[in-house]
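Descriptive structure summary
Take a look at the letters that make up each chain.
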Amino acid sequence: MEDIVLNPDRELSEDVLALGLLVNGRTTLDDFAFTDRSRHFANLLQEFGLKVEEKGSNTILTGVGFSYKIPALLHIPESDNAMSLLLALASKDTETLFSATGTAEQLQKAKTFLAEVFGVKVENESDTEAGKTISFHFEHVLPLLKETREGCIPYLAKNAVLVNALVLGRTVEFDERCPVRSSFVEMLAYFGAQIQIQTTGMQEMSELERRIAKARGIKTERRVKTVISETKILTSHDYFVPNDPTEACALVILSILSPAFKNKKITLKNVLVAADRAGAFSALRRMGAKIDFGSRHERYGTAYADVISVYDKRLSSRRLAEDILCTCLEEYPFIALAASTADGESILRIPDSLSKELRPRCETLARNLKQTGASIGVYDEGLVIRGREELDAGRFDAENDPVLGLMFNVISLFSQGETTIENLGNIDVAFPGIVNKLKEIAQS
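Residues numbered from 1 in each chain as written. Predicted model: local features only at pLDDT ≥ 70, side-chain atom pairs only at ≥ 80, totals over all residues. Heavy atoms only, no water.

Under an unreviewed UniProt entry, the name given to the protein is 3-phosphoshikimate 1-carboxyvinyltransferase, and the organism recorded is Hallerella succinigenes.

The structure is reproduced here in structure tokens:
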């Protein structure tokens, strides 16, 4: 089967656009394809001074460094990642009374993010010609970072604090036990930010030293310290955005669950495989999926590789703890689908700090996947799933969640019966062309 090329990773696309603005010069994105989501963010950043030029398969960004302009009216994007970056860029200005416009849902997320990260209270809310609008000032105080019970700092807040420190020339340091989604930190280092990562704890000890320390009651907890210092300028570099692991996960799931792929393999080119972002592949491998990485590269501050998957045998049930699932929360529905076909009972445990936030999604997954014949229960910390070898089709409701819509499309291609999917949401915006690609591969 021929090699498959997917869309660039959504978050890294937005991250590099923001840094393209902060570079004083040109950044060439090799073999880069805009999606509606990344193009929308690029258009917003042009109001800050970013210039974008497309030449064939390459995109050239011309930035203005830390002297970018900030529009008084901010348009809040739908993407949470883009929102966090845009607000962090605006946080350089503590004098202007900003107005922000967007949908009610977008503005509510912006208000929460401003309060929790920047300590900002909205001063006014109104309906204007631009739409629903909130007004606020940024404060002079340092943004806030809080470690979750799992020992990580939420990556959107972390990235916003790093941008704030960068554009204001501050020195900021923080530490955490288990960083997740650290690609932005690595990207900053690649572009010349004065940033250092120091790891202390157990991995620096020999096995004998660990045992002695444990016997003496000495804490040996691993900690990762990040320090960003004043950076005068970011250095211009070429950059390559690896392909999206969520899209890759959809194709991998189809290939390892559908008997139509027996004696076949698929190869997905240049997929982001950084351990703290693409944990779905590790989770599936623990369940017995035959997934390999070929042509692995560690460049541009991240890791990417060809992902090769083969239909082999029925998956096995596993207990997957939050340490692995926190690296693939977006792909959680695909892990639940895999568990629905596995032999035995799987437990998928989500991070305690996100249990309240993710409970509705778990209930939606359970309600829909029960139609396939799998046995699924929701508990405070995630899902308990007893799999079934063959899944039935059903009438699924994605509740306007593109990831769920993508997962239900995968089910429709190998389940028994006719599938109906309602409320797909903006699946073609989130994952352009991926549904057609799934169907083409299933029929090949």
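1. Let's talk about the overall build of the protein
Regarding its fold elements, the protein presents 15 helices and 20 strands. Here the C-alpha radius of gyration of the protein, 22 Å, is about what a compact globule of 444 residues would show, namely 22 Å. Counting only C-alpha atoms, the protein reaches 65 × 60 × 40 Å along its principal axes. Buried positions account for 53% of the 444 residues belonging to the protein. Counted over contacts in the protein with a minimum sequence separation of 6, partners at least 24 positions apart contribute 75%. Side-chain charges in the protein split into 52 positive and 63 negative, and the spacing between the mean points of these groups amounts to 5 Å. (Helix = DSSP H or I, 4+ residues; strand = E, 2+ residues; numbered from the N terminus. Rg over C-alpha atoms; globule rule 2.2 N^0.38 Å. Buried < 20%, exposed > 50% of the residue type's maximum accessible area, 1.4 Å probe, protein only. Contact = heavy atoms within 4.5 Å. Lys, Arg positive; Asp, Glu negative; His and termini not counted. Charge placed at Lys NZ, Arg CZ, Asp CG, Glu CD.)

2. Observations concerning helix α3 (residues 80–90)
The buried fraction of α3 is high, at ten of eleven residues. For α3, the complete set of buried residues consists of N81, A82, M83, S84, L85, L86, L87, A88, L89 and A90.

3. Some points on the packing of aromatic side chains
Here the structure, examined in full by the defined rule, presents 15 aromatic pairs. For the ring pair F136 and F138, a centre distance of 5.4 Å and an interplane angle of 90° mean the geometry is edge-to-face. With a centroid separation of 5.1 Å and 50° between ring planes, the pair formed by F240 and Y304 is classed as tilted. Separated by 64 residues along the polypeptide, F240 in the loop between β11 (223–228) and α8 (245–257) and Y304 in strand β14 (residues 302–310) bring together distant segments of the chain. In terms of burial, F240 and Y304 fall into one category: buried. Members of the aromatic cluster, each reached through a chain of ring pairs, are F98, F113, F118, F136 and F138. The residue whose ring lies beneath K92 is Y68, and the NZ or CZ to ring-centre distance is 3.9 Å. (Phe/Tyr/Trp six-rings, centres within 6.5 Å; stacked < 30°, edge-to-face > 60°. Lys NZ or Arg CZ within 6 Å of the ring centre and 35° of its normal.)

4. Quick word on the domain arrangement of the protein
Partitioning the protein into structural domains gives domain 1 (10–240) and domain 2 (245–443). The distance between the C-alpha centroids of domain 1 and domain 2 comes to 28 Å. In this complex, domain 1 contributes 20 residues to the contact, which on the side of domain 2 involves 21 residues. Both sides of the domain 1 and domain 2 interface together cover about 1800 Å² of buried area, and 52% of this is carbon and sulfur. Its largest share of buried area at the contact with domain 2, domain 1 owes to R10, R181 and F240, together 36% of the area lost on that side. (Domains from an automatic or database assignment. Buried area = accessible area lost by both parts, 1.4 Å probe.)

5. Things to note about the sheet that holds strand β2 (residues 26–29)
One key point about sheets: their strands pair by backbone hydrogen bonds, in either a parallel or an antiparallel sense. Taken in spatial order, the three strands make up an open sheet running β2-β4-β3, and their pairing is antiparallel. Each of the sheet's edge strands pairs with one partner strand only, and the pair in question is β2 and β3 (51–55). Each adjacent strand pair in this sheet contributes to an overall mean axis angle of 20°, direction not counted. Sheet contacts for helix α1 (residues 10–22): β2 and β4 (58–62); angle to β4, the most-contacted strand, approximately 40°. (Pairing = 2+ DSSP bridges. Axes fitted to C-alpha atoms, helices over the stretch in contact; angles between N-to-C directions.)

6. Brief notes about the UniProt feature "domain: Enolpyruvate transferase" (unreviewed entry) in the protein
Within the UniProt annotation, "domain: Enolpyruvate transferase" (unreviewed entry) is assigned to residues 226–438. Helix makes up 33% of residues 226–438 and strand 25%. Its end C-alpha atoms lie 40 Å apart. (UniProt positions renumbered as here; feature names shortened; annotations may be inferred.)

7. Let's talk about the side chain of N164
Structurally, N164 can be placed in helix α5 (residues 155–168). According to the relative accessible area criterion, N164 is buried, its value standing at 3%. With residues up to four places along the chain from it excluded, the contact list for N164 reads S91, F118, P143 and R170.

8. Quick notes on the pairing of β3
Alignment of β3 against β4, held across five bridges, turns out to be antiparallel. Paired with K55 across the strands is N58, a residue of β4. Connecting β3 to the next strand, β4, in antiparallel fashion are two residues, including G56 with a positive phi near 65°.

9. Things to note about α1
With 13 residues, α1 extends 19 Å between its outermost C-alpha atoms, agreeing within 8% with the 18 Å of an ideal straight helix rising 1.5 Å per residue. Counting buried residues along α1, 13 of its 13 residues qualify, which places the element largely inside the surrounding structure. The backbone nitrogen of E11 lies 3.3 Å from a side-chain oxygen of the residue at the head of α1, namely D9. (Expected span 1.5 Å × (residues − 1). Polar contact = N/O pair within 3.5 Å; in protein donor to acceptor, adjacent residues only side chain to side chain.)

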